[in-house]
Structure formats: structure tokens, C-alpha cells
Amino acid sequence: MEYNQMFREAKRELSLAEHIMTVTLPFLNDKKIYFNILEHINNAIFNGMRSFLLMKKEHKELRIVPESNELAKQLFFEMYTDSLGLSSLDERFINELEHILKSYKKSQVEIERGQNQLIVLPSYETVSVNDDKIKKYLKDAKDFITKTEKGLV
């Protein structure tokens, strides 16, 4: 896949997450949609990262782009944090998002408590997601995609 096409896909995933958050969630009022939104945000971020790495490969600045998301993320943050104006907070946000999604996939129980959606892991650890967290993740993802887009031009 060409890097421009992959970046368009990243922006599409992000706008889809925003649409689900602003239109679908209030209409359905079902907190289980949170994890669908987070999945779209995560896809947008990794498509943005991969498109940037593919562009660098096309310009012969990289030899390969790792298949693994974890390796691609590590390469991206080790080599291009300064040039894109990213901070350790961006990396922390992405790691936190990944942790929530992995926890959700491993979860044994989902509980709705007030405005929070709790997932309970086999180790009895709980992870909480709510409207404010989702909005923060959307904002952070938009910032990340904007910074990455500036590096693509």
C-alpha cells in the first residue's frame, strides 16, 4: 500500500471514531461502543505511523518497515520523535491506549458503573473508560496525526 493511501486511511479511521463518539454514542447510549471507538483511534495512529515509515522507506531513508506494530512503533519513536515534534506524552498516550485495548480483549467481565465502563482482567485488575477519557484520546490522536502529516510533506 502506498503511504499516501495509508495516511488517508488513518484520517478516515480517525473521523469514523469521532463520528461514532459524537453521533452514534449519544443516539444509542451504549457504553460498550467505547471500545469500538478506541479501536478506530488505535488503527488511525498505527496507519499514520506506518504511512510515515513507508514514506521514509520510499525516500531511501529506511531499509525496511517492520511488520510488527510494536517494532514499527519503537522505530518510529526512536528515530523521528524530534523531527516531528513529538514528546514522551505522545508515546505514553499510545501505550495507554494499547494497554486498554489488550485488556479489553483479555477481559472476563465488563461492568457499567455510572458513567464508566469497567473491564475486569483475569488478575482482577480493573481498567476504566469513560466519555472524558475517550474525548482526550480523540484529541491526542488528532494532534498526533497532524504532527505526522506535517512530516509527510
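Structure's up top.
Residues numbered from 1 in each chain as written. Predicted model: local features only at pLDDT ≥ 70, side-chain atom pairs only at ≥ 80, totals over all residues. Heavy atoms only, no water.

Draft legend 1. Looking closely at the side chain of arginine 50. Along the polypeptide, arginine 50 turns up in helix α2 (residues 33-58). Polar side-chain contacts of arginine 50 include one of 3.4 Å to the backbone oxygen of serine 68. Among residues more than four places away in sequence, those in contact with arginine 50 are Met6, Val65, Pro66, Glu67, Ser68, Asn69 and Ala72. (Helix = DSSP H or I, 4+ residues; strand = E, 2+ residues; numbered from the N terminus. Polar contact = N/O pair within 3.5 Å; in protein donor to acceptor, adjacent residues only side chain to side chain. Contact = heavy atoms within 4.5 Å.)

Draft legend 2. Expanded view of the sheet that holds strand β2 (residues 116-120). If you walk across this open sheet you meet the three strands as β1-β2-β3, and the pairing is antiparallel. In the strand order of this sheet, the two ends are held by β1 (109-113) and β3 (126-129), each with one partner. Each neighbouring strand pair of the sheet contributes to a mean axis angle of 25°, computed without reference to strand direction. The sheet contact formed by β2 and β3 spans four bridges and is antiparallel. Bridged to isoleucine 119 within β3 is valine 127. (Pairing = 2+ DSSP bridges. Axes fitted to C-alpha atoms, helices over the stretch in contact; angles between N-to-C directions.)

Draft legend 3. Main features of the packing of α2 against helix α3 (residues 69-84). For the pair α2 and α3, the least separation of the axes is 10 Å and the interaxial angle reads 70°. In terms of orientation, α2 lies roughly perpendicular with respect to α3. Contacts between α2 and α3 involve Phe46, Met49, Arg50, Phe52, Leu53 and Lys56 from the first element and Asn69, Ala72, Lys73, Leu75, Phe76, Phe77, Tyr80 and Leu84 from the second. Looking at side-chain class alone, the contact of α2 with α3 contains ten nonpolar, one polar and three charged residues. (Parallel < 35°, antiparallel > 145°, perpendicular 65-115°, else oblique. Nonpolar A, V, L, I, M, F, W, Y, C, P; charged D, E, K, R; others polar.)

Draft legend 4. Structural detail: the nonpolar core. Leu38, Ile41, Ile45, Phe76 and Phe144 are the most contacted members of the largest nonpolar core, which totals 45 residues. Those elements that provide at least two residues to this core are α1 (3-28), α2, α3, α4 (88-106), β3 and α5 (131-152). In terms of residues, this core owes the most to one element, α2, which gives 13 residues. (Core = buried A, V, L, I, M, F, W, Y, C linked by side-chain atoms within 4.5 Å. Buried < 20%, exposed > 50% of the residue type's maximum accessible area, 1.4 Å probe, protein only.)

Draft legend 5. Structural context of the packing of α4 against α5. Running from N to C, α4 and α5 cross one another at 130°; their axes reach a closest spacing of 11 Å. Taken together, the axis directions place α4 and α5 in an arrangement best described as oblique. In this structure, α4 crosses over α5, and the sense of that crossing is left-handed. Packed against α4, whose contacting residues are Asp90, Phe93, Ile94, Glu96, Leu97 and Ile100, the element α5 presents Tyr137, Asp140, Ala141, Phe144 and Lys147 at the interface. (Left-handed = near helix turned anticlockwise from the far one by under 90°.)

Draft legend 6. Quick peek at the pattern of salt bridges. This structure, assessed with the given rule, holds eleven salt bridges. With a shortest N-O distance of 2.9 Å, arginine 12 and glutamate 9 are connected by a salt bridge. Here arginine 12 and its partner glutamate 9 are both found in helix α1, three residues apart, which amounts to about one turn of the helix. The partly exposed category is assigned to glutamate 9, whose relative accessible area is 27%. The salt bridge involving glutamate 149 is made with lysine 11; its shortest N-O contact spans 3.0 Å. Here glutamate 149, found in helix α5, pairs with lysine 11, found in helix α1; they are 138 residues apart in sequence, far enough to count as distant. (Salt bridge = Lys/Arg side-chain N within 4 Å of Asp/Glu carboxyl O.)

Without other data, these values stay purely geometric and don't point to any function.
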